[in-house]
Amino acid sequence: MKLLSRQILFSETCGMALAALAVCACGRSGDMEPVVVGGDAGRGRAALIAYECGACHRIPGIPGARGNVGPPLDDFVERVNIAGRYANDPARLVDWIRHAPALKPQTAMPDLGVSEIEARDIAAYLYE
Amino acid sequence: MSAARPQSTLDPATGSSASAIDELGLVLYVGAAVILAVVSLLALLGVLTGPRSVNARRWLIGGGLILPATILAALFVHALIVGNSLMAKTHASMLRIHVTGKQWWWEVRYESADGRPEAVLANELHIPLGRPVEILLGSSDVIHSFWVPALAGKVDMIPGRETRLIVRADRAGVYRGQCAEYCGAQHALMAFHVVAEPAARFDTWLTRQSQPAIQSTGPQIEPGRDLFFRGGCAACHTVRGTEAAGRSGPDLTHVGSRHAIAAGTLRNHVGTMAGWIAGPQDIKPASLMPNSAEYTGAELRTLSAWLMSLE
């Protein structure tokens, strides 16, 4: 009984999270900015600095981020696609930050062992 | 293991020249503060008590000549003793490290000794704890200056001359150093690290560095190695144990073991390595390393994986 209620609770939470992501993804075109569930833009900025993403990307607000190997990450919220093939939504972005080579083997973007929460933080910063 | 303030003269490593200099500074600051306090007190006393007759000769000769002469002479002798101790005598058994300043990186060479071959690397020095080490400094282009603020004072690196510096640390840690003489466009991005570690760890590290490159295998590693040679990297870089013997860029034999790349500019991992290979001119414009557009994304990751396997 206890187990069952816990499972229900879990699936409800997941459902809510998915719903939130879905709602957020639509925000891009309109008045609402996408919100990454559990993402903190301040921590995301720190993670972008720590992983030295600026070696390949130009990222506004990150010191020394002037790389031109990957695409510039300014106005990321306006971007239509990620990696030229996926819709730009928070869930996909988090996945891409963590496992780019698995999503697109031709990419130069490495898998740096970024954790789920770090990826959410980074996504939150990029959508800010 | 990095010190809280890895590049500060205010947080010198115990046993280092920097800590002797720090103590000398403290003597000067405290002494100057005491003198200022006494003089201020006398001036205040003069104002508060009003005019009265004093022995002018005694105050002028005693306070104006004898007192400052004694204090300055004592400080002079003290500073000479400290200065002399910083330039400790070298002896044959002392570990010698050659560091050559280059626009804009540091070539580091450990002399061969006891059957161990010479070890060459870049932008990183390791030293054993509690033992003075002699660092011989030179330059292959313009004047640079070797400065690790938490370990020692700065010493110029002059083309055609050899300058020297004795470094010692009793506290383990990773100390950061930086070029302290303007040397061109990327002077600000010419840094390095000094790792002070227990003797046993140091010996293991040095033995490793003097060996040829590790030949590891893996689905990314071997293709990455081929790309290194196909791309012409060997024209400028040496990887001991392979046919790569270029001399104008850093020795990459154990590049995967280093803390940073591009002379302290980027932390060293597969991502920064790939970014640096593809676009060094965006990160450090005017450095000798050219951008390389000939690699696909996947190739870049492979090449980076091979270089990082060279530990």
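Up top is the structure these notes are about.
What counts as what
- Residues numbered from 1 in each chain as written.
- Chains lettered and ligands numbered in written order.
- Predicted model: local features only at pLDDT ≥ 70, side-chain atom pairs only at ≥ 80, totals over all residues.
- Heavy atoms only, no water.
- Helix = DSSP H or I, 4+ residues; strand = E, 2+ residues; numbered from the N terminus.
- Rg over C-alpha atoms; globule rule 2.2 N^0.38 Å.
- Buried < 20%, exposed > 50% of the residue type's maximum accessible area, 1.4 Å probe, protein only.
- Contact = heavy atoms within 4.5 Å.
- Areas by Shrake-Rupley, 256 points an atom, 1.4 Å probe, with all protein chains shown as cover.
- Pairing = 2+ DSSP bridges.
- Axes fitted to C-alpha atoms, helices over the stretch in contact; angles between N-to-C directions.
- Parallel < 35°, antiparallel > 145°, perpendicular 65-115°, else oblique.
- Nonpolar A, V, L, I, M, F, W, Y, C, P; charged D, E, K, R; others polar.
- Buried area = accessible area lost by both parts, 1.4 Å probe.
- Salt bridge = Lys/Arg side-chain N within 4 Å of Asp/Glu carboxyl O.
- Polar contact = N/O pair within 3.5 Å; in protein donor to acceptor, adjacent residues only side chain to side chain.
- Expected span 1.5 Å × (residues − 1).

Trainee: Even after reading the chapter, I still don't get the overall build of chain B, so can you show me in this structure?
Mentor: Secondary structure summary: chain B contains seven helices and 12 strands in total. On C-alpha atoms alone, chain B measures out to a radius of gyration of 26 Å, which is more than a quarter above the 19 Å that the 2.2 N^0.38 rule sets for 311 residues. Dimensions along the principal axes, computed over C-alpha positions, put chain B at roughly 95 × 45 × 35 Å. Counting only residues that meet the buried cut, chain B has 46% of its 311 residues in that class. Restricting to contacts in chain B with at least 6 residues of sequence separation, those with at least 24 account for 62%. As displayed, chain B has an accessible area near 15400 Å², and 63% of this comes from carbon and sulfur atoms.

Trainee: Would you mind going over the pairing of strand β1 (residues 96-102) of chain B with me for this structure?
Mentor: Put simply, side chains in a regular strand alternate between the two faces of the sheet. Residue and element names in this part refer to chain B. Counting buried residues in β1 gives five out of seven residues, a clear majority hidden from the surface. Sheet topology places β1 next to strand β2 (residues 105-110); six bridges connect them, and they run antiparallel. Opposite Gly101, over in β2, you have Trp106 as the bridge partner. Here β1 folds back onto β2 in antiparallel fashion, the turn holding two residues.

Trainee: Mind showing me how you'd approach the packing of helix α4 (residues 221-230) of chain B against helix α7 (residues 297-309) of chain B here?
Mentor: Relative orientation and spacing of two packed helices are given, respectively, by the angle between their axes and the distance between those axes. Residues and elements named next belong to chain B. Between α4 and α7, the shortest axis-to-axis distance is 7 Å and the interhelical angle comes to 100 degrees. Looking at the two axes, α4 sits roughly perpendicular to α7. Contact with α4, carried on its side by Ile221, Pro223, Gly224, Arg225, Leu227, Phe228 and Arg230, involves Glu299, Thr302, Leu303, Ala305, Trp306, Leu307 and Ser309 of α7 and no other residues of that element. Per-class residue counts for the contact of α4 with α7 are eight nonpolar, three polar and three charged.

Trainee: Can you help me understand the interface of chain A and chain B in this one?
Mentor: Interfaces are often sized by the amount of accessible area the parts lose when they come together. Each partner contributes residues to the interface: chain A has 17 residues there, and chain B has 17 residues. Across the chain A to chain B interface the summed buried area is about 1300 Å²; carbon plus sulfur atoms make up 57%. Where chain A meets chain B, there are zero salt bridges. Counting across the chain A and chain B interface gives nine residue pairs in polar contact (both at pLDDT 80 or more). Counted by class, the side of chain A that touches chain B contains 11 nonpolar, four polar and two charged residues.

Trainee: Looking at this model, I keep getting lost on α7(B). Mind explaining?
Mentor: Over its 13 residues, α7(B) runs 19 Å from end to end, which matches the ideal 18 Å to within 8%, given 1.5 Å per residue. Burial of α7(B) is extensive: 12 of the 13 residues sit out of reach of the surface. Those residues of α7(B) that sit buried are Gly297(B), Glu299(B), Leu300(B), Arg301(B), Thr302(B), Leu303(B), Ser304(B), Ala305(B), Trp306(B), Leu307(B), Met308(B) and Ser309(B). The inward-facing, buried residues of α7(B) contact α3 (90-103) of chain A together with α4 and α5 (270-278) of chain B.

Trainee: Where do I start with the sheet that holds strand β5 (residues 133-139) of chain B in this structure?
Mentor: Hydrogen bonds between backbone groups are what pair the strands of a sheet, and the pairing can be parallel or antiparallel. All names here are of chain B. The strand order across the open sheet formed by five strands is β3-β2-β1-β5-β8, and the pairing between neighbours is mixed. Edge positions in the sheet fall to β3 (119-122) and β8 (163-167), since each has one partner strand and no second. If you compare each strand with its neighbour and ignore which way they point, the axes differ by 25 degrees on average. Each of β2 and β3 touches helix α3 (residues 199-210); the most contacted strand, β3, lies at about 95 degrees to it.

Trainee: Sorry, what's going on with the pattern of salt bridges here?
Mentor: Here the idea is simple: oppositely charged side chains can pair when their charged atoms come close. Residues and elements named next belong to chain B. On inspection of all chains with the given rule, the structure shows 14 salt bridges over all chains. Close ionic contact of Arg96 with Glu134 constitutes a salt bridge, the shortest N to O distance being 3.5 Å. Of the two residues, Arg96 is situated in strand β1 and Glu134 in strand β5; the sequence distance between them amounts to 38 residues. Overall, Arg96 belongs to the partly exposed group, its relative accessible area being 32%.

Trainee: Looking at this structure, how should I read the sheet that holds strand β9 (residues 173-179) of chain B?
Mentor: Residue and element names in this part refer to chain B. Strand order across the open sheet formed by five strands is β4-β10-β9-β6-β7, with mixed pairing between neighbours. Looking at the sheet topology across the chains shown, the edges are occupied by β4 (124-128) and β7 (155-157). Averaged over all pairs of adjacent strands, the angle between strand axes in this sheet comes to 25 degrees, irrespective of strand direction. Taken together, the five bridges between β4 and strand β10 (residues 191-197) define a ladder with parallel strand orientation. Each residue of the ladder has a partner; that of His126, found in β10, is Val195.

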